[in-house]
Amino acid sequence: MQPSLQHVLTTEKLSRLAALGWRLDPDFGNYTHSYPAGMPVNGIADSLLDTLAQAYDADLQNLEVESNWVASEPCPPRNGPSQNLAGSVNDAHAMAATAVHTCFYTPPPGRDVAPTADLFGMYGARATGEIQRLRVNSGRRVFVALDTVFGYVQCEPETSPASIYCEAVSADSRPELASVLTPERLALLRAAGFKDPGRAPNYWKSYPLELFDDAAIARELLAILHDVYGCRGKPELRFITEKGGD
């Protein structure tokens, strides 16, 4: 909800966030970290300070600290996108006119929660080429995974019938995704034709080769990464195959 942070959260900084255990919650565009209930308070405080220093270049000697009580409700009011500290919980009367009271924020047309990026423009050619490789090598054990710190999709060929079988990672495989895969985002995944875990621990879909060309499959997979998992191209998307990753 604060697009100006794209100037701070460079690819390197986002990689640091990921290494520190933070994952994107696309509902408000913030990164989240769940600490074990038994973790000492001092350990949590040290982790938060380390995050501020490594990912945001904060001056730890000049921090402003503020706390407050707010009403217990599922979706407490947050600072709106035009305010400082956009997305932070704040029930101050002065902010009431611009506060967001929903459980997720949908930006207006032309604005994005995270730094904008056309994933297909960035990765479409490579993704299409990988799907084509699966098609022409359908009799071999080949696969490709499009992996980010936010989530991944992975595909392999099927021969009976001829199709490309793809999976989108679930919270069963990556528990930290429980806060990312909200009902609204899972609805987008199901609307794209992905089935719930059962056949596999992940969401899955088969693309019949007579109905889908390589670019159409690649475009849908990149749209899933963007719309469901919040991938915006930073950090960079990794392509992992049976021969390794890059």
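Residues numbered from 1 in each chain as written. Predicted model: local features only at pLDDT ≥ 70, side-chain atom pairs only at ≥ 80, totals over all residues. Heavy atoms only, no water.

Explanation requested: the nonpolar core in the structure shown.
Where a protein is soluble and globular, its nonpolar side chains tend to be buried together. Formed by 44 residues in total, the largest nonpolar core has its most connected members in Leu146, Ile164, Leu189, Phe194, Leu221, Leu225 and Tyr229. Secondary-structure elements contributing two or more residues to this core are α1 (11-19), α3 (119-136), β3 (144-147), β4 (152-159), β5 (162-168), α4 (183-191), β6 (203-208) and α5 (214-227). At six residues, the largest contribution of residues to this core is made by α5. Other than its neighbours up to four places away in sequence, isoleucine 164 contacts Ile131, Leu134, Arg135, Cys155, Glu156, Pro157, Lys205, Ser206, Tyr207, Leu209 and Ile217. With five residues, the next largest nonpolar core counts Met1, Phe28, Val100 and Tyr105 among its residues. (Core = buried A, V, L, I, M, F, W, Y, C linked by side-chain atoms within 4.5 Å. Buried < 20%, exposed > 50% of the residue type's maximum accessible area, 1.4 Å probe, protein only. Helix = DSSP H or I, 4+ residues; strand = E, 2+ residues; numbered from the N terminus. Contact = heavy atoms within 4.5 Å.)

What's the story with the pairing of strand β7 (residues 238-241) in this structure? I'm lost.
A regular strand carries its side chains on alternate faces of the sheet. Only one face of β7 is covered, namely the face carrying Phe239 and Thr241; the face carrying Arg238 and Ile240 is uncovered. Bridging between β3 and β7 involves four bridges; their strand directions are antiparallel. Bridge assignment links leucine 146 to a residue of β7, and that residue is phenylalanine 239. Turn length for the β7-strand β8 (residues 244-245) hairpin, with the two strands adjacent in sequence and antiparallel, is two residues. (Pairing = 2+ DSSP bridges.)

Would you take a moment to explain the environment of histidine 93 for this structure?
Inspection of the secondary structure assignment puts histidine 93 in the loop between α2 (41-56) and α3. The class of histidine 93 is exposed, set by a relative accessible area of 74%. In sequence terms histidine 93 and glutamate 156 are 63 residues apart; their C-alpha atoms lie 54 Å from each other.

What is the right way to look at the packing of α3 against α5 in this model?
Relative placement of two packed helices is described by the angle separating their axes and the distance separating the axes. At their nearest, the axes of α3 and α5 sit 8 Å apart, and the two run at 130 degrees to each other. In terms of axis orientation, α3 runs oblique to α5. Crossing geometry of α3 relative to α5 is assigned as right-handed. Between α3 and α5, the contacting residues are Leu119, Phe120, Tyr123, Gly124, Ala127, Thr128, Ile131, Gln132 and Arg135 on the first element and Asp214, Ala215, Ile217, Ala218, Arg219, Leu221, Leu222, Leu225 and His226 on the second. Of the residues that constitute the contact of α3 with α5, the class distribution is 11 nonpolar, four polar and three charged. (Axes fitted to C-alpha atoms, helices over the stretch in contact; angles between N-to-C directions. Parallel < 35°, antiparallel > 145°, perpendicular 65-115°, else oblique. Left-handed = near helix turned anticlockwise from the far one by under 90°. Nonpolar A, V, L, I, M, F, W, Y, C, P; charged D, E, K, R; others polar.)

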